[in-house]
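Structural overview
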Amino acid sequence: MLQRALASLLCLLGAAAIGLGFASATLWRASDTLEASATAADGSTLLMTDPGVLDMAADEVTVRASAGSGDTVVLALGRTADVEAWIGTDAHTRVTGLADLRTLSTDDVAATAPEATEETPAEGEVPAEGEAPVEGEAPAEGEAATTGDDAAAATPAPNPSGSDLWLVEASGDGEAELEWQAQDGRWSLLVATTGESAGAPTVTLVWPQVVTTPWLVPGVAGGAALLLAGLVWWAVLLLRSRRAGHAGRTRDDARPVSVPLGAQGVAVPTTAPVSAPSLGWANDTPTVAPGTATTSLPAPGGVGTTADPAVPMTRRQLRELDQQRERDRHRRRDSGAVPQVPAPGSPSSAPAPAPGVPAPVPAEHVAPEQAAVRARFPLAVQGPGASPAVAAGTAPAAPSGAAPTAPSAPMSGPGRQGVPAPGLRSTPGVPAGPVVQPVPVPTSQAPVTTPDAEPQDRRGGLLGRLRRRGPATPVSEPDVERTPAAASAPAVVAPDTVPGRPGAPAPSADAWRRAWGFSGVATPPGEEPAGWTPVEPEENAGGRHDGGAR
Amino acid sequence: MNRLARTSAGAVAACALLAACSAPLPVPEPDAVPAALPPAVSTTQVEDVLGEVSAVLAEADAATQLELLTPRVTGPAMTVRNAEYVLTQAGDTTAITPVPAAAQTVIAPTTDAWPRTLMVVTEPPADLQPPLLLTFVQNSPREQYQLWSWSRLFPGAQMPATAQPEVGSALLPVDADTLAVPPADVLARYADVLTNGAASPHVAEFAEDPLTTGIRSTREAYGGLVGENGTLAETYQPTGGGPYAVQTADGGAIVVGAIQTVTTITLADSTLKIGDQTAGLLGKDTVASNLGITWISMVAFAVPPAGSTEPIRMIGAEHSRVQVTGE
């Protein structure tokens, strides 16, 4: 929450800075002129500026002065000493600088007494009284002189206009304006009002000024940076929170994805009940796969006697298992684990051919297959670790494979020995086949096929899967051709591929394996055709195993 | 916490940035008061003064009304102009001395006090006419520069070098001791020389000048007229205020003043026919008992600096009858 608040604050500050930046360049943009005014003190008709005031803001200044109605305003500019001397002891107001951007600071100076006495004696020999108001070339001489006399007597400040002291001057009725360009030296402005009842003058100094917007760029840039930072922060926070929420929802699903496959089987608790089956298999044997049982009888021989493994689970268990797998598959699909399956699929077929060698299955090859197996069917992998797992994993299949592949037994040494006995026992007619005859094959396959077709309902899940893998079931056309080959092959084909190592028993074993889902592991739906054939030899391995392990 | 701290720092910085928006107010930065005083008037102002004075003179001259001169003319100049107007009104069309408005040399004062003195050498008023040395005086800040005197520069007289008007020339008090003779004493001694002639102890201090020669010749002329039938007395004294002294480049000064000469003639059983100008001033051309003539001489001296052996030279003068009385 604090972070969100801070992020929001950051955004807010950024927006504010941008706004202020813009405002500084628009709303609050300084005027092109600096304009400040001041008014003389009440009762004073004179106002002057201190030296330096006129050009304190710019070299050029425009002076405007105004006064009450009817008063004449005079603006005069001269040396500071001259202005001061002209004002003399009269009351006046001095402008000392800027109080703020619109107001001039002033200093009121009261009149001092000696003024009057000083002025008169200076006049000397000439009729000086009339002189000041006359102003040189001023229009009416006689009349001006008279009014001048009156004014001089009445008001302390005569009209300063026309004095030789001024460099520039201006006057007007009620208002006047004057422009001045700064020069070296000390200069002052004198503002005076003249008239019978002259009021205090007001002066306004106007300087042009270069308006800069120093806060526009920093404000906007800084604001944008802040805003961006705030937004990014917010985005990060939002993203984080969303991910957290998602993770909470999908944690169960997601976990399998990340967890190594090898550990998966072990980890999944659901396999636990199923893991026991090794024991259960024996018990359930009769019920589970009668069909297989029959077929298996001939093949396993000695081993077959203990063929209990061939029927490891009850249907119910199978169903559950199937459902379980189905569920797993869905989950995996959801979670995207599927892709991992194909990989082991192809290798699985490869290692299979090696069956000739009992244990030789290379760890590397096994690993993927095993992984696939585990992924598909954790049950198989349950207890054991890596390589041992293979043995264990295949082991269950092996017996089953061994059982049906009785025909192939003849080929292999060990198998042979076992075959005769059981074979004779169960199906007298069949035994003959062991050598090469396909006869057993059909039979062996039949159980697979038939159940495949009929009991769909019952073992819908499992069979459905099998059927979906089309090739897996001998029923499909390609299989037909192949199966015979495979079936008969045990003698013919297998030898080819693996001399001295007949993989004959393949068909039935294959079916079994598939029935248990192993084949599925090896061949992903898409690759079935390719993966199918190679699978067969694997049965040999299974056969071998059954011989060895069981 | 770290992030919080950073954010807080950023916020503070932003606030500081925004708070610093106010620019400092401009403050007056006047030039320092110069160690050496600047000229009190610029050449522009001098031209203005000359122009205004000329305008006033022109107006007054045209009307021959003395009152019109009051704003711009004072002292000896006023007195002389008055006489000129009288003569003009009496029919003398050449009585009025033209005062050119154009300056060829300006001697601007450097001072911050009053009275102030401004001297100007004008262009020649006419061909073959000598230029005038005008002296203007501003007695107080609220007064104007007024024409105090004019002197015709003597032909061949050498104006002492003075500082450029942009630099200005110092005004010297009447008792300045940096000169060979203090300004006030220059006029007094000159009057003494006029009075006593060769007997004056100061005669050697002055170089010969046309004015002195002229005054003496005039006196002698009147003396010849009166002859045995009367007496003639003449007095000389400084008048009209002043003198005014402006420093020159060599440390000396130009001293401008006025000398009043009063000629008193007493007749015994005789009449005296007087000349045009005197008659004009008097209003009649014959006096039977006495005749009083007052002259004003507006003079300009070049005074050497103290220690100099050079004589005081008169560089220009205007000698005018200003008043005549007689019975």
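You'll find the structure just up there.
Here's a quick rundown of the structure.

Conventions adopted
- Residues numbered from 1 in each chain as written.
- Chains lettered and ligands numbered in written order.
- Predicted model: local features only at pLDDT ≥ 70, side-chain atom pairs only at ≥ 80, totals over all residues.
- Heavy atoms only, no water.
- Helix = DSSP H or I, 4+ residues; strand = E, 2+ residues; numbered from the N terminus.
- Contact = heavy atoms within 4.5 Å.
- Areas by Shrake-Rupley, 256 points an atom, 1.4 Å probe, with all protein chains shown as cover.
- Axes fitted to C-alpha atoms, helices over the stretch in contact; angles between N-to-C directions.
- Left-handed = near helix turned anticlockwise from the far one by under 90°.
- Nonpolar A, V, L, I, M, F, W, Y, C, P; charged D, E, K, R; others polar.
- Salt bridge = Lys/Arg side-chain N within 4 Å of Asp/Glu carboxyl O.
- Buried < 20%, exposed > 50% of the residue type's maximum accessible area, 1.4 Å probe, protein only.
- Expected span 1.5 Å × (residues − 1).
- Pairing = 2+ DSSP bridges.
- Arc of directions from axis to C-beta.
- Polar contact = N/O pair within 3.5 Å; in protein donor to acceptor, adjacent residues only side chain to side chain.

**Examining the overall build of chain B**
In terms of helices and strands, chain B carries six helices and twelve strands. Sequence separation of at least 24 residues holds for 63% of the intrachain contacts in chain B that already meet a minimum separation of 6. With an accessible surface of roughly 14,100 Å², chain B has 55% of that area assigned to carbon and sulfur atoms.

**Details of the packing of helix α4 (residues 183-196) of chain B against helix α5 (residues 210-226) of chain B**
All names here are of chain B. Contact pair α4 / α5: the axes reach a minimum separation of 10 Å and the direction vectors enclose 35°. With respect to the hand of their crossing, α4 and α5 are arranged in right-handed fashion. Listed contacts from α5 to Y190, V193 and L194 of α4 are L211, T212, I215, R216 and R219. Split into classes, the residues belonging to the contact of α4 with α5 amount to five nonpolar, one polar and two charged.

**A few points about the pattern of salt bridges**
Residue and element names in this part refer to chain B. This structure, assessed with the given rule, holds 14 salt bridges over all chains. Of the charged contacts, one joins R81 and D61 as a salt bridge, the two residues approaching to 2.5 Å between their closest N and O atoms. Within this pair, whereas R81 is found in helix α3 (residues 75-89), its partner D61 is found in helix α2 (residues 43-63), the two being separated by 20 residues in sequence. Given a relative accessible area of 16%, D61 falls into the buried group. Among the salt bridges present, the one from R152 reaches E318, with a minimum N-O distance of 2.6 Å.

**Here's the deal with α2 of chain B**
Residues and elements named next belong to chain B. Over its 21 residues, α2 runs 30 Å from end to end, which matches the ideal 30 Å to within 8%, given 1.5 Å per residue. Those residues of α2 lying buried are Q45, V46, V49, L50, E52, V53, S54, V56, L57, A60 and D61. Positioned one or two residues after α2, T64 has a phi angle of 45°, which is positive.

**A short note on the sheet that holds strand β3 (residues 60-66) of chain A**
Residues and elements named next belong to chain A. A sheet is described by the order of its strands in space; here four strands give the open sequence β1-β10-β3-β8, paired in antiparallel fashion. One side of each edge strand has no neighbouring strand; the edge strands of this open sheet are β1 (33-39) and β8 (175-181). Pairs of neighbouring strands in the sheet enclose a mean axial angle of 15°, with direction left out of account. Sheet analysis places β3 next to β8, joined by seven bridges and oriented antiparallel. Each residue of the ladder has a partner; that of R64, found in β8, is E177.

**Observations regarding unusual backbone geometry**
Working note: non-glycine residues mostly have negative phi, and peptide bonds are mostly trans. Residue and element names in this part refer to chain B. Omega for the bond connecting W114 with P115 falls within 30 degrees of zero, at -5°, which places this linkage in the cis form. Relative to the helices and strands, P115 is located in the loop between β2 (109-110) and β3 (116-122). In this structure, T64 takes a positive phi of about 45° despite not being glycine. Turning to its location among the elements, T64 is positioned in the loop between α2 and α3.

**Some remarks on α5 of chain B**
Residues and elements named next belong to chain B. Along its 17 residues, α5 runs 24 Å from first to last C-alpha, staying within 8% of the 24 Å computed at 1.5 Å per residue. When we look at burial in α5, the residues that qualify are L211, T212, I215, Y222 and V226. Burial along α5 is one-sided: seen end-on, the buried residues are contained in an arc of 105°. Counted as exposed and oriented over 90 degrees from the buried face of α5: E220 and G224. Buried residues along α5 sit in contact with α4, β7 (230-247), β8 (253-267), α6 (276-282), β11 (290-303) and β12 (313-326). Capping of α5 at its N-terminal end is provided by D209; its side-chain oxygen lies 3.0 Å from the backbone amide nitrogen of L211. G227 sits one or two residues past α5 and shows a positive phi near 60°.

**Concerning the pairing of β11 of chain B**
The two faces of the sheet receive side chains in turn, since in a regular strand these alternate between them. Residue and element names in this part refer to chain B. Of all 14 residues in β11, 13 are buried; the element is thus mostly enclosed. Bridging between β8 and β11 involves 14 bridges; their strand directions are antiparallel. Note on β11: the bridge partner recorded for V256 is A300. Strand direction decides the pairing type here: β11 and β12, joined by twelve bridges, are antiparallel. Paired with W295 across the strands is R321, a residue of β12.

**Things to note about the side chain of H92 of chain A**
All names here are of chain A. Within the fold, H92 resides in strand β5 (residues 92-98). Looking at H92, the relative accessible area reads 7%, which means it is buried. At a separation of 2.9 Å, a polar atom in the side chain of H92 contacts the main-chain carbonyl oxygen of D90. Dropping the residues within four chain positions of it, H92 is found in contact with S44, L46, M48, I87, D107, D108 and V109.

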